[in-house]
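# Observations on the three-dimensional arrangement
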Protein chains: 2
Amino acid sequence: MHFEQDSSAINSATDYGKNVVESLKKEEKLEQSSVQKLSKEHDHVLKTFRLLIADLCQQFNGGHPGGAIGMAAIGVALWKYVMRYAPHTPTYFNRDRFVLSNGYKAMTFEQLKSYHSDRVDGLCPGHPEIEHEGIEVTTGPLGQGVANAVGLAIATKQLQATYNQPSFDIISNHTWCVIGDACLQEGVALEAISLAGHLKLNNLTIIYDNNQVTCDGSVDLTNTEDVNGKMRACGWDVIDIEDGCFDIEGIVRSLNNARGSADKPTFINVRTVIGLGSAVAGDAVAHGAAFGAADVANMKKTYDFNPEEHFVISEEVRKFFEDLPGRGENLVHSWEAMVQKYETKYPDLGAEFRQRMQGRLPETWKDLIPTSFPETPTATRKASGLVLNPIAEKVKAFMVGTADLTPSVNMAYKGKVDFQHPGLKTTCGITGNYSGRYIHYGVREHSMCAISNGLAAFAPNTFIPVTSTFFMFYLYAAPAVRMGALQQLQVIHAATHDSIGIGEDGPTHQPIELANLYRAMPNVLYIRPGDSEETAGAWIIAIEAKNTPSIISTSRQTLPQLKQTRRDMVANGAYVLDEIEDADVTLIGVGAELSHAVDTAKELKGKNIKARVVSFPCQRLFDAQSTEYKRDTLRRHRGIPAIVIEPFAPNGWERYADAAACMKRFGHSLPGKAAYKHFGFDAPALTTKVESYLKQVRNDPLLKGEFVDL
Amino acid sequence: MHFEQDSSAINSATDYGKNVVESLKKEEKLEQSSVQKLSKEHDHVLKTFRLLIADLCQQFNGGHPGGAIGMAAIGVALWKYVMRYAPHTPTYFNRDRFVLSNGYKAMTFEQLKSYHSDRVDGLCPGHPEIEHEGIEVTTGPLGQGVANAVGLAIATKQLQATYNQPSFDIISNHTWCVIGDACLQEGVALEAISLAGHLKLNNLTIIYDNNQVTCDGSVDLTNTEDVNGKMRACGWDVIDIEDGCFDIEGIVRSLNNARGSADKPTFINVRTVIGLGSAVAGDAVAHGAAFGAADVANMKKTYDFNPEEHFVISEEVRKFFEDLPGRGENLVHSWEAMVQKYETKYPDLGAEFRQRMQGRLPETWKDLIPTSFPETPTATRKASGLVLNPIAEKVKAFMVGTADLTPSVNMAYKGKVDFQHPGLKTTCGITGNYSGRYIHYGVREHSMCAISNGLAAFAPNTFIPVTSTFFMFYLYAAPAVRMGALQQLQVIHAATHDSIGIGEDGPTHQPIELANLYRAMPNVLYIRPGDSEETAGAWIIAIEAKNTPSIISTSRQTLPQLKQTRRDMVANGAYVLDEIEDADVTLIGVGAELSHAVDTAKELKGKNIKARVVSFPCQRLFDAQSTEYKRDTLRRHRGIPAIVIEPFAPNGWERYADAAACMKRFGHSLPGKAAYKHFGFDAPALTTKVESYLKQVRNDPLLKGEFVDL
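Residues numbered from 1 in each chain as written. Chains lettered and ligands numbered in written order. Predicted model: local features only at pLDDT ≥ 70, side-chain atom pairs only at ≥ 80, totals over all residues. Heavy atoms only, no water.

### A look at the packing of helix H12 (residues 323-345) of chain B against helix H13 (residues 347-357) of chain B
Residues and elements named next belong to chain B. Which entries qualify depends on this criterion: Fitted lines through C-alpha atoms serve as axes, helices being fitted only where they are in contact, and the angles separating the N-to-C directions of these axes extend from 0 to 180 degrees. Only DSSP runs of H or I covering at least 4 residues are called helices, and only runs of E covering at least 2 are called strands; the numbering of each starts at the N terminus. Any angle between 65 and 115 degrees counts as roughly perpendicular, while under 35 counts as roughly parallel, over 145 as roughly antiparallel, and the rest as oblique. Residues count as neighbours in contact if any of their non-hydrogen atoms are within 4.5 Å of one another. Residues are grouped as follows: Ala, Val, Leu, Ile, Met, Phe, Trp, Tyr, Cys and Pro are nonpolar; Asp, Glu, Lys and Arg are charged; all remaining types, including Gly, are polar.
At a minimum axis distance of 5 Å, the contact between H12 and H13 shows a crossing angle of 135°. The orientation of H12 with respect to H13, classified from their angle, is oblique. Taken together, the residues of H13 that come into contact with H12 (itself represented by Trp335, Val339, Tyr342, Glu343, Thr344 and Lys345) are Pro347, Leu349, Gly350, Phe353, Arg354 and Met357. Split by residue class, the contact of H12 with H13 holds seven nonpolar, two polar and three charged.

### Looking at the relation of the copies chain A and chain B
As a reminder of what qualifies: Superposing copies: least-squares fit, C-alpha atoms only, residues required to have pLDDT of at least 70 in both.
Laying chain A over chain B is done by rotating through 180° and shifting 0.0 Å along the axis; what remains is an RMSD of 0.0 Å. Taken together, the turn and the small shift mark the pair as related by a two-fold rotation axis. Comparing contact sets, 100% of the residues at the interface of chain A also lie at the interface in chain B, consistent with an isologous, same-surface contact.

### Quick notes on the environment of B:Arg655
Looking at where B:Arg655 falls in the secondary structure, it is placed in the loop between strand S21 (642-645) and strand S22 (659-661). Look past the residues within four positions of B:Arg655 in its chain and what remains in contact with it is A:Pro650, A:Glu654, A:Lys664, A:Phe707, A:Asp709, B:Asp623 and B:Arg636.

### Quick notes on the sheet that holds strand S20 (residues 611-615) of chain B
Residues and elements named next belong to chain B. Cut-off, in case you're wondering: A strand pair is defined by DSSP finding two or more bridges across the two strands.
Here six strands make up an open sheet; going across it, the order is S18-S20-S19-S21-S22-S23 and the pairing mixed. Only two strands of the sheet have a single neighbouring strand rather than two, namely strand S18 (575-578) and strand S23 (708-709). Bridge analysis of S21 against S22 gives three bridges, and the strand direction is parallel. In the sheet register, Ile645 faces S22, and the bridge partner there is Ala661.

### Structural notes on the packing of aromatic side chains
All names here are of chain A. Using the following cut-off: Here a Phe, Tyr or Trp ring, Trp counted by its six-membered ring, pairs with any other such ring whose centre lies within 6.5 Å, and the pair is stacked when the planes are under 30 degrees apart, edge-to-face when over 60, and tilted otherwise. Note on criteria: charge over ring means Lys NZ or Arg CZ within 6 Å of the ring centre, with the direction from the centre no more than 35 degrees off the ring normal.
Applying the stated criterion to the full structure yields 52 aromatic pairs over all chains. Where Phe470 meets Phe473, the ring centres are 6.1 Å apart and the plane angle is 15°; that geometry is what we call stacked. One aromatic cluster is present, built from ring pairs that chain together Tyr92, Phe93, Tyr163, Phe168, Trp335, Tyr342, Tyr346, Phe353 and Phe458. Note that Arg97 overlies the ring of Phe458, its terminal NZ or CZ placed 3.8 Å from the centroid.

### Looking at helix H6 (residues 187-199) of chain A
Residue and element names in this part refer to chain A. Heads up, the condition is: Expected span of a helix, by definition, is 1.5 Å for each gap between consecutive residues, and there is one gap fewer than residues. Buried, partly exposed and exposed residues are distinguished by accessible area as a fraction of the type maximum, computed with a 1.4 Å probe on protein chains only: under 20%, between the cut-offs, and over 50%, respectively.
Counted at 1.5 Å a residue, the expected span for H6 with its 13 residues is 18 Å, and the 18 Å between its end C-alpha atoms agrees. Of all 13 residues in H6, 13 are buried, a share of seventy percent or more. Of the residues flanking the end of H6, it is Lys200, one or two places downstream, whose phi is positive at about 55°.

### A look at the interface of chain A and chain B
Definition in use: Computed with a 1.4 Å rolling probe, the buried area is the accessible surface lost when two parts are put together, summed over both parts. Salt bridge, as applied in this entry: a Lys or Arg side-chain nitrogen positioned within 4 Å of an Asp or Glu carboxyl oxygen. Definition of a polar contact: a pair of N or O atoms within 3.5 Å, with one able to donate and the other able to accept a hydrogen when the atoms are protein atoms, and with sequence-neighbouring residues admitted only if both atoms are side-chain atoms.
Taken together, the 115 residues of chain A in the interface contact 115 residues of chain B. Contact between chain A and chain B buries roughly 9100 Å² in total, counting both sides, with carbon and sulfur atoms accounting for 57%. The interface formed by chain A and chain B contains 10 salt bridges. Note that A:Glu513 is salt-bridged to B:Arg482, the shortest N-O span being 2.6 Å. Seen at the junction of chain A and chain B, the total is 56 residue pairs in polar contact (both at pLDDT 80 or more).

### Considering the sheet that holds strand S18 (residues 575-578) of chain A
Spatially, six strands are ordered S18-S20-S19-S21-S22-S23 (chain A) in an open sheet, and the strand pairing comes out mixed. Edge positions in the open sheet fall to S18 and strand S23 (708-709) of chain A, since each of these has one partner strand only.

### What about the nonpolar core?
Spelled out, the test is: Definition of nonpolar core: a set of buried residues of the types Ala, Val, Leu, Ile, Met, Phe, Trp, Tyr and Cys, connected through side-chain atoms within 4.5 Å.
Judged by nonpolar contacts, the single largest core of 261 residues is most densely connected at A:Phe398, A:Tyr518, B:Phe398 and B:Tyr518. Apart from the residues within four sequence positions on either side, B:Tyr518 is in contact with B:Phe471, B:Tyr474, B:Ala477, B:Ala478, B:Val481, B:Val524, B:Tyr526, B:Ile551 and B:Arg620. Ranked by size, the runner-up nonpolar core spans 52 residues in total, among them A:Tyr81, A:Val252, A:Val296 and A:Leu324.

### Regarding the side chain of B:Asn202
All names here are of chain B. Tracing the chain through its elements places Asn202 in the loop between helix H7 (187-199) and strand S3 (204-210). One polar contact links Asn202 to Lys157, side chain to side chain, over a distance of 2.6 Å. From its side chain, Asn202 meets the backbone oxygen of Ser261 in a polar contact 3.0 Å long. What Asn202 contacts, discounting residues up to four positions off in sequence, is Lys157, His174, Ala258, Arg259, Ser261, Ala262, Asp263, Lys264 and Pro265.

### Things to note about the UniProt feature "domain: Transketolase-like pyrimidine-binding" (unreviewed entry) in chain A
Selection rule: UniProt positions are given in the numbering used here, feature names are shortened, and annotations may be inferred rather than shown by experiment.
Following the UniProt record, one finds the feature "domain: Transketolase-like pyrimidine-binding" (unreviewed entry) at residues 378-561 of chain A. As annotated, residues 378-561 of chain A has a helix share of 33% and a strand share of 19%, and its two end C-alpha atoms lie 7 Å apart.

### Here's the deal with helix H5 (residues 72-82) of chain B
One turn of an α-helix holds 3.6 residues; hence residues three or four places apart share an orientation. With respect to burial, H5(B) is a largely interior element, 11 of its 11 residues being buried. Those residues of H5(B) not exposed but buried are B:Ala72, B:Ala73, B:Ile74, B:Gly75, B:Val76, B:Ala77, B:Leu78, B:Trp79, B:Lys80, B:Tyr81 and B:Val82.

### Some words on the environment of B:Asp578
Residues and elements named next belong to chain B. Looking at the element boundaries, Asp578 is found in strand S18. Residues Asp578 and Gly705, spaced 127 residues apart in sequence, show a C-alpha to C-alpha distance of 25 Å. Asp578 has contacts with Gln564, Val598, Arg612 and Val613, leaving out every residue within four places of it along the chain.

### Let's talk about the pairing of strand S19 (residues 585-589) of chain A
Side-chain positions along a regular strand alternate between the two faces of the sheet. All names here are of chain A. The condition is simple: Handedness of a crossover is defined as follows: orient the strands so they point away from the viewer, and if the path from the first strand over the helix to the second runs clockwise, the crossover is right-handed.
Counting buried positions along S19 gives five out of five residues, so the element sits mostly inside the fold. Every second residue of S19 is oriented toward a common face, with Val585, Leu587 and Gly589 on one face and Thr586 and Ile588 on the other, all of them buried. Alignment of S19 against strand S20 (residues 611-615), held across five bridges, turns out to be parallel. When the sheet's bridge partners are listed, Thr586 is paired in S20 with Arg612. Handedness of the crossover is the feature at issue here: the chain leaves S19, passes through helix H19 (residues 594-605), returns alongside S20, and the resulting connection is right-handed. Strand direction decides the pairing type here: S19 and strand S21 (residues 642-645), joined by four bridges, are parallel. Bridging across to S21, Leu587 finds its partner in Ile643.

### Observations concerning unusual backbone geometry
Non-glycine residue A:Asn461 carries a positive phi angle of around 65°. With a phi close to 60°, B:Gln212 is a non-glycine residue in the positive phi region. Looking at the secondary structure, you find B:Gln212 in the loop between S3 and strand S4 (213-214).

Listed below in structure tokens is the structure:
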């Protein structure tokens, strides 16, 4: 639960929390049962929230009441006693980050009443969304939040190691992530948990809302593992809390211990009861449906509330939280004062830190890009490195990582330092520290991208995370790429080995249909540069796209450097490479196969067919151009047929072309050149295809209005 | 390594293995070092294989030699001593299954020389592929193989519980899965490992080729967890083997122990050295590149082989394996004799078992489908249940499962028994046994689909696995769906909640672009039925598609039962629902929004616009129709513009339509009806869009040849 508007932060949450715990301890002897053990205040607050949640779901007869009710005590412990945040300054840079990975339990306080309503401007959708202040990341698809939290914790570590100075802990925040039973089953979370343990992220705490219930029934229907043992094996500290429904004291104590952990992330296993107090307490049906009016009324009676009243928040509850805004503002003011002193004492670092906080890059970043490239054939994956490496080396915002393909993706820059726990000793001798900006993610593509979303969500554009692996494995990572697009997070995905040109690795590694996903996915720039020059253009666009993830899709194999390509034209999505006024046909070349189009045009010339060539690196960028530009580029309105050349599924090219040399089946394990030849993507075969298409259309004019796969 | 042609199976592998171990033990005292401990025969065989692998990679200067060389002793132990298989009868039904999850180590024996060659008919691609006899599943994308192996082991358990009778263990095979370091990092494998432990699959053994090396360097760069502890916490037995490079005896002993495990799957942690014997032994560079001629020559010298000779297999080595084909055939013959007796003693079960082995369904399966449906509005997710439930109840080939959405996906059939370890006690009281055919996969979408691939790969169509979850979460599972398509495995994915009609759960749960992926993915039938009648058609197609995975994509919300829909016409992909000879426009309705098209046509009538309606459940099925049928259905060749109505990204519809009422952005959290209204998918808004499009085209005739997003 969040208390964004009505609640507030605390000056020194840890000390405050400790005091509360001490005073609660003194009372302990006087009280017996777990309910009585609570102060009356806590008891009333918890009842208020639980009824509020029941009322909210009842209002529109939908939602997920059970989990939120079960987690009420965790919420109070976090937001009243432990979290360092400022409700009136939700963007406070050094705030603790909170991720609700079991996202269906989303609840905000004042705008709550729009929960599940049909108001388009409702601030409280069924799952939390990042565009609302105070929500760090959008969650919902399970497991993503865990990886996001790992990214947030990495961001903190990296900023600390880079900017903190003696007596100037300008970054000191903690990341809290609440998860449910389901998050512990999802692969993306398991990957991230393993990496977080390896990196010894002691500034990360997972709070496991352990209610042992999922949609199908009890968790032991599908999961009987020793969760704590598994987490310990992954390098986490584990704390158990038996009474997570009422024991605010115990929860606060554990959370504070977690914040102080020496060198491990902490897993707090909190036993709760889903739908506590309702007739369906402890049952799966409490998860995803309102309890019904009678049950809610009954809860109210049991809790000594008036069953006729709804959304009741007493003065006492308001008072309980009223200190929080003030504490939060104090926190912000003292931190700002510290940063000001820091800027005086360390003017260079201070200026850089300010720039990072503002999400700005050094003005000169573009000057780091080579103005020209060697004329020798170069793989665009290599060109990617030539473009990005010098930027990544100099510009600290860049956090570059790979899913175990350092030798293949060319993202390792000169003098790179690995992001690692400084104490790590490896067999291969490679070490690192927390100031490092190169992350070995391991063979964990999905969490690599979800962690990068967390890095990007730390603060707008403070980090520009770069991920890298073979393009095909961005299918593993697709749910995370989607969440980045939905949240408008700038993450750049360097996807190499992007077509059948990859060769021997065969159809499991040859993407055929994946570009179709990313070209259709809203707010993603999927760019296939045709040579080094266009690769430079692709990176410039990706780095300037502050609210959009990009995929720069490059070749394994070397490609000729074409004389006509222009980096500035990539921004148009497509442009004319070779113009012919009275052309018979337009050849659209894309990415790694752009030179195939150029070569085919040459061969066609020998057959008296005049082919103009268009380079088409990005559909979405082209769609954004004016109608006039689009028509002039493609010239289909002049009756010149356009044929696209790309060994991918053609779906979607129908918008820009009349026919496609394309792939309607999976690839084959052959050396790259042989694969191109086998599937008819070498210039002689393409020439034949174009000739045959032009003949076909002459014979059957109806084909002109239809799309033909060649 | 496989020895498909030159090697053979053994009659009683376990006993045979034990004898070998005993005899090796006796020799133990005489020999000292780990190399000497081996019989000279083993030593020579291992050297032969290691050199063979080095030669093969050197031949075309590519491939992955290091891992295969490191695993040579594991290969000998498995294929000479432990595995029960028949090289001359590779489809022997009760054979042990072997999965090479770290797929880049693929090696077959006789056809080896085509490895990495440019021969299109090469039998040895860079990664193993299922179409070659003796290869159980295609691997390559890491982690998939582990989940496939879990599916194979489930298949065995289920057949055993269903068909074995006292003294008739007609199914008794074991599944062996070799994995590398990377497989233990991939989420899909971690999910499957957790489920296999829960299910207590004691017929499954993972052999961890622990060479501690990945592409980036040593594994401890990215993974320092306690692997054995993690596996134990997941409910696995763990066996360590220190000397996995030479200790064939120890490996055989451990493998036999694993086969005899009481009630847990077994994890054998075998320490090996990547690229053993080469100059790059133990180094990451040994993984993915040939060693170089000099190094290979040097290995040969060290091993007392002639450096001038290549691909040397001595008579001694051939002799070492020559007993295997004979033993394999003995195994097959005695098993066939047992099955014949079984068929006499249990004629009904026997006939059914034979039918299952042949991958045939009972002739009467179609009669189980309702011939008509209630006229009340019905969600197609509910209709899916009405169609499949009676079939799943009666036809034992169906293994239905869900990723924790039993209450939502309607796949639970009458009298279902859960597939569970019979000793399982759950908090919610639900139990099961191994004869069960309903699998609670937990919130593990990716492994659900990869495990289903394993079930389907056990033998062609012996099982028809059905998976189910929200359509959006088939993005998590996409790499497994793809592998199923590539392997031509019949798995049916029941994908519910398939559009913005899902409502409140918001944009994280509202698929916009996912259909584009599956429509482009080769060999996948993505079908969106428009009502209950079309849902029946979709299931009939999916059940009859023996070599193709299908996705049946259904609505959360209720849909009217249309009078004009026809189940038999779904097979055509699209068909005319409401014909008008002199129509002004064709409206293409798809799936959950088909009725929106029908309603819009009615509203347009009031505005004197004549709209014919086409139902379009499946693009791939439509593509397979004749040109004539396609033209007659769409009538675009008669100059009638076609407008498709689907709240997905339009990419690909350009082939069939001139304009689309579509989604070019993510959805929004609103109740389903409100979401449709908000995005202009209710009949009044659609009517306006159609009117405005027809007007636009009149004003700008060029638009006729271009695609317009409405």
